[in-house]
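Coordinate analysis (summary)
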Amino acid sequence: MKHSMTPKQFFQTVLFGEIWEAMKVTWRHMFHKPMTFQYPREKRIIPDAHRGALCLLRYEDGKERCVGCDLCEAACPSRCIKVISEEDKSLPLERYASEFYIDITKCVFCGYCVEACPVNALAMTKMYEFSTHDKRTLLFDKKRLYDVGERHLSDAKKYLYAHNLEKEGDESRAYRYHFPESIKTVQSSTE
Amino acid sequence: MGLKPVTTPDAEAVTIELSLDGEMVQAKEGVSLYDVIASTGKIVPAMCYHYTFDPFGSCGMCLVSQEGKKAPVRSCTAKATAGMVIRTDGEDLVLARKKAVEKHLSVHPLDCPVCDADGHCELQDMAFHHGVTNLENAKQKNIPEDTRSLVLDFNMNRCIACGECINICKDVQRIDALQFMKKGGFNQVVAKGDQPLDCEFCGDCLAVCPVGAITNKFSKYGYKPWQLKKTTTTCNYCGDGCQLYIETKDTEVVRVTSPLSWKNKWGDRTDTVNGHDGLCVRGRFGFQFIDSPARLLTPLIKTESGLQETPWIDALDFAAGRLAQVKAQYGPQAIAGLITARCTNEDLYVFQKFMRTVIGTNRIDSSARYGHINFVRALNRAVGVTRTMNTSEEINKAKAILIVGANITETNPVASLRVKAALGVYKAQTIVVDSAQTNIAKLASHPIMVNPGTEGLYVQGLVKSVIEQDFIDEEVTGLHPEALSAIKQAVNGISLDVVSARTGIDIAQIHETARIFAEASRSIIICGEGLLRQSGGYQHMLNLLDLAWLTGKLGRKGCGINTYTEEANEQGALDMGVAPEFLPGQVAFDDPSARERITQVWGGTFPAGDSHSHLMNILEGCRSGEIKALYLVGENPLETLPASVDVKGALANVDVLICQDPFLTETGKLAHIVFPASTFAEKDGTVTNQEGKVQFLRPALDSLGESVLDWHIMAGLAHGLGSPLGYETTHDIQQEIRNVLPGYYNLGRPSKIEPRLTHYFGNDFAQQVGERYRLPEKSGHQRQFGLRMIQLIYHSGKLSTHASGLMEISPNTNRLRMGPEDMKQLGLNSGERIRVTSDTGSLEMLVTEDVSLPPGSCAVPEHFNDPPVKDLMTCQIDPTTGVPYFKLTYVSIEKA
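Remember, predicted model here, so these are calculated numbers, not experimental data. Note that residues are indexed from 1 along each chain, following the sequence as it is written. Here the convention is simple: chains get letters from A, ligands get numbers from 1, in the order in which they are written. The predicted nature of this model means local features are confined to residues of pLDDT at least 70 and side-chain atom pairs, given and counted, to a pLDDT of 80 or more, with totals for whole chains, interfaces and linings taken over all residues.

1. Digging into the overall build of chain A
How we decide: In DSSP terms, a helix is any run of H or I states spanning at least four residues, a strand is any run of E spanning at least two, and both are numbered starting from the N terminus. Radius of gyration here uses only the C-alpha atoms, and the compact-globule reference equals 2.2 Å multiplied by the residue count raised to the power 0.38. To sort residues by burial, count the other C-beta atoms lying within 10 Å of each one's C-beta; a count of 20 or more means buried, 12 or fewer means exposed, and anything in between means partly exposed. C-beta atoms are built from the backbone. For every residue pair, C-beta atoms are placed from the backbone, and the pair is scored as a contact if these atoms sit within 7 Å.
Looking only at helices and strands, chain A has eight helices and five strands in total. In sequence order, chain A lays out its α and β elements as α-α-β-α-β-β-α-β-β-α-α-α-α. For chain A, the C-alpha radius of gyration of 28 Å lies well beyond 16 Å, the compact-globule estimate for 191 residues. C-alpha atoms of chain A, sized along the principal axes, occupy 110 × 35 × 30 Å. For chain A, buried positions account for 26% of its 191 residues. Contacts spanning at least 24 positions in sequence make up 73% of the contacts within chain A whose residues lie at least 6 apart.

Now the structure itself:
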């Protein structure tokens, strides 16, 4: 195949026309505000609905919200949640999770567990920095999850509001499950 | 199709036709319309229906439309009549049913997340099926939860008032411990009289509750149904052989359930003749021993500093070495073995084969020796039958039932439901001869409360009365006139006056019970430990056979003699030949043809030795030094037999004592070698229930720690002794049992019973019948009270004392039970300290009132050895069967 070249093409090739074209863009951007930011010194603003680290929450009075219903475990598509529930020895007839594990290495951050939670005990936060030297620390236990919840309480609340799960005031009380009293305590208090 | 109401099994209802969704359907007249619909395979939702009891009609879900009626009708309470035109499907019906669900849900707390029934809840299913998403006017009941009972919690907020719990308790269990009570504006289920629930705790109410209103304390909040792995296996507590589901989560047993559930609600009321698929308290709540911390985890070997944990390989090597040493030094006859009848058929088979071929001794026995063998040997001798004669269906449909010395509601609660159905549903006449007012006696038409230990005498009285009143069946007895005259002559020696005086029962009553038994078209005898485990048990059994034969009940369809066994596989132990007198298949040990057949499979020779080396002779042999090594598999004679037998001395006298058990028993503490064995929940194999049904055990868990199956240990010992048995799996053993006992695993329907009496009545019948009908010597006991060791419904042997649930329900109270009259006479109050003295010993304990006991009688549960009441007992040994009788003694009681 014979190659032929017009004079315009010839000059463009000799004078590196594409480079000048590109340099034009660079020149233009020199007068723009930068789009990137300097992670980790600078941090990105994250939307409320962001699905970050999972955490467990407490009520305002400090009581654990989780009732150990195992529904998050059932909803989890990657089977990374393990709940061990039992009767609260100090508060008979109340169910709670004596142990709670989330294997973050398996978690796909789908947020199904939060949707499944009937008492809004689980929430997602804006925390996404999990990097570690030891993979074993990524098995979050109950204490760690409550710690995350305490540290990122406002973010967790915002997540729930953003997903239209948590309600304010009286409506929120409907979520809090009230366990029945034992007839024994009722009888002894009337005596 | 259920026959409701059923009053007699003989009555047949008229067959009618009705139209169902455009198709003509045949049905029995008067049955529930719901049953007719269900029998065609159509499923109409119903939350208060269960086939085991009559329709209740409270849930309002089973609506169908009937031509000629404006509103939908409840099909469960409607009776099927000829010419009905019924439609079961349609938009209007779905809407009507949806309304019913909404009505239930509007007062339901919607606490599904914390409810134990979540995922196994009929109300949830119904709400889902009918698309209930929004509730108007929902309100909360705010009823406190009734946690007063030891086992069950009643959360009446969740109750939908279906009444299933109340109905099953009343109609199936015939206990009637629950009732409806209007409290706080709602109908609530409460225990009778709003007291803390204190019943038999069978847990059937828990099983049929379609919501989570009744929950179980032992597994409360610990699970969600979908997390549990279900294993179908057979209960190991008694001979009923109930099928149960062991539900496990990871490595722990969470709960035990059974096929009885609101989910299995469709069926035929008459199906319950084969059992209602429920369980008793032991099966349902006595599972904690499986993963008990008291389980043995490693083999132990006795050293100077006590029992030391040892690796398996060393322990097996040591045991095999010691056995080989004893065998070489003293011969194989110096080794003996005992095995518990809670083991599987495979364990039992390998045990007897190991002892007979590898060791070469016939000194083996099982715990069937404690009584069941009396029953089997008497029946085997007389009629050639080796198990109970009736199916549960025949018991259900009996016209008269004679229960002698069997507290069946306590020892075999599920089998006793068939008797309860017979007397409740089919109105059978029931005669209960016992020395206490048992629960079955309370329901019986003729409760006969005899003096302690005179049950056998009462049977003699019945035989005498049958002859006196001439209720003899001419046709049957005409075939063996010499036997009839022998019996007639024999009973001449006893007079009803004396029987009446000794038993404490009027002659008129003896005559009446004899008449009822003889005149009924289908009479069934059920005998139990009060007869078989008391002095002269074998003779009494033969007397019962005489009674059945004289009245023509032996071999007639629907009649027969039965017993219920205490341990799960007593029948299997005898079938597998774990008794010195039997080879596998219950043929005589010295039967040459059977020996030849079995040696063809085994390929070895049979040991020398007699067929009399039973349990008591083995212990005697240990004491005399004749037996040098004893191999105990799950047996614990030290805690079972009274001190007068001197088991301790016997065990201390042997050179090698090998104990194999899931737990470290008192006997195990004396042992030189202890092997950890698996429990039934970890085994695969089969057990034979008292009816002769071979049922499967399936492993629900891996064996705890290093414990292994019993037969593995025997196979290991055989290997160590240089003659491997060559089994790799349980299947190999089953294959061999099939060869030795063709057809054992698929018995199917038990074969018809053909009494072969010619042989029995030949020989020395006349002579031995003369010996049988003799009034027992008036025992010269000065002591006033008959002390019996009784079984509790909450316990079975010693095994159940390792189940923490059962120990919570029924702890050891250290109390002697006495009738109120005796206590008044002695000036005692419940909880006072008393001194109990028998001929062999004396001890102090507390006393408690038990209204079921007649004057002159007192009782102690046999499951606990603290205080060691069994040591007050004297022990008699049956001259024929070698059964030790030690359940009754006479004591004097005084304030301590």
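Alright, that's what it looks like, and here's the rest.
2. Regarding the sheet that holds strand 2 (residues 81-87) of chain A
Residues and elements named next belong to chain A. Short version of the rule: Strand pairing is defined by DSSP finding a minimum of two bridges between the two strands. Angles here are taken between N-to-C directions and fall from 0 to 180 degrees, while the axes themselves are lines fitted to C-alpha atoms, restricted in helices to the stretch in contact.
Strand order in the open sheet made by the three strands is 2-3-5, with antiparallel pairing throughout. Taken across any chain shown, the strands that pair with only one partner, and hence form the sheet edges, are strand 2 and strand 5 (139-140). With seven bridges joining them, strand 2 and strand 3 (residues 95-103) adopt antiparallel strand pairing. The partner of Ile84 across the bridge, within strand 3, is Glu99. Relative to the sheet, helix 5 (residues 142-151) contacts strand 3 and strand 5, its axis offset from that of strand 3 by approximately 85°.

3. Let's talk about the domain arrangement of chain B
Residues and elements named next belong to chain B. Rules: Where each domain starts and ends follows an automatic or database-derived domain assignment. Polar here means any residue other than Ala, Val, Leu, Ile, Met, Phe, Trp, Tyr, Cys and Pro, which are nonpolar, and Asp, Glu, Lys and Arg, which are charged; Gly is therefore polar.
Taken domain by domain, chain B holds domain 1 (15-89), domain 2 (112-285), domain 3 (300-368 + 569-740), domain 4 (389-563) and domain 5 (785-895). The centre of domain 2, based on its C-alpha atoms, is set 38 Å off from the matching centre of domain 4. Tallying the contact residues gives 17 residues for domain 2 and 13 residues for domain 4. Classifying every residue of the side of domain 2 that touches domain 4 gives seven nonpolar, seven polar and three charged.

4. Brief notes about helix 3 (residues 122-129) of chain B
Residues and elements named next belong to chain B. Buried within helix 3 are the following residues: Glu122, Leu123, Gln124, Met126 and Ala127. Buried residues belonging to helix 3 abut helix 2 (91-105). Among the residues trailing helix 3, Gly131 stands out with phi positive, at a value near 65°.

5. Focus: the packing of helix 7 (residues 312-330) of chain B against helix 27 (residues 710-720) of chain B
Residue and element names in this part refer to chain B. To be explicit about the condition: Any angle from 65 to 115 degrees is called roughly perpendicular, while one under 35 is roughly parallel, one over 145 is roughly antiparallel, and all others are oblique. Each crossing gets its hand from how the near helix is turned against the far one by less than a right angle, where anticlockwise is left-handed and clockwise is right-handed.
At a minimum axis distance of 9 Å, the contact between helix 7 and helix 27 shows a crossing angle of 60°. Relative to helix 27, helix 7 is oriented oblique. You can see that helix 7 and helix 27 cross each other, and the crossing is right-handed. For the pair helix 7 and helix 27, contact is made by Leu316, Asp317, Ala319, Ala320 and Leu323 and by Gly716, Leu717 and Gly720, respectively. Along the lines of polarity and charge, the residues of the contact of helix 7 with helix 27 split into five nonpolar, two polar and one charged.

6. Focus on the environment of Asp661(B)
Residues and elements named next belong to chain B. When you line up the elements, Asp661 lands in strand 25 (residues 656-661). Residues Asp661 and Pro676 lie 15 residues apart in sequence; the distance between their C-alpha atoms is 5.6 Å. Leave out the neighbours within four places in its chain, and Asp661 touches Leu296, Gly634, Gly668 and Ala677.

7. With respect to the nonpolar core
Residue and element names in this part refer to chain B. Note the cut-off: Each nonpolar core consists of buried Ala, Val, Leu, Ile, Met, Phe, Trp, Tyr and Cys residues. Their C-beta atoms, within 7 Å, join them into a set.
In terms of nonpolar packing, the biggest core is built from 305 residues, with Ala46, Phe354, Ile401, Ile403 and Leu545 touching the most fellow members. Ranked by residues supplied to this core, first place goes to helix 20 (residues 537-550) with nine residues. Here Leu545 is in contact with Ala378, Ala382, Leu554 and Ile561, once residues within four sequence places are set aside.

8. A few points about the packing of helix 14 (residues 455-468) of chain B against helix 20 of chain B
Angle between the axes and distance between the axes are the two parameters that describe a pair of packed helices. Residue and element names in this part refer to chain B. It is the contact of helix 14 with helix 20, at a shortest axis distance of 9 Å, that shows an interaxial angle of 25°. If you check the angle between helix 14 and helix 20, you find them roughly parallel. Of the two elements, helix 14 crosses helix 20, and the hand of that crossing is left-handed. When helix 14 is examined against helix 20, the residues Gly456, Val459, Gln460, Leu462, Val463 and Val466 are found in contact with a partner set consisting of His540, Asn543, Leu544, Asp546, Leu547 and Leu550.

9. Topic: the interface of chain A and chain B
Listed per partner, the contact involves 19 residues of chain A and 17 residues of chain B. Among the elements of the structure, helix 3 (71-75), strand 2 and helix 8 (183-190) of chain A are those that each provide at least two residues to the side of chain A that touches chain B. Looking at the side of chain A that touches chain B, its residues break down into 10 nonpolar, three polar and six charged.

10. Quick notes on the pairing of strand 33 (residues 857-861) of chain B
All names here are of chain B. Of all the five residues making up strand 33, four are buried; the element is thus mostly covered by neighbouring parts of the structure. Direction of pairing for strand 29 (residues 785-790) relative to strand 33: parallel, over a ladder of five bridges. Each residue of the ladder has a partner; that of Leu787, found in strand 33, is Cys858.

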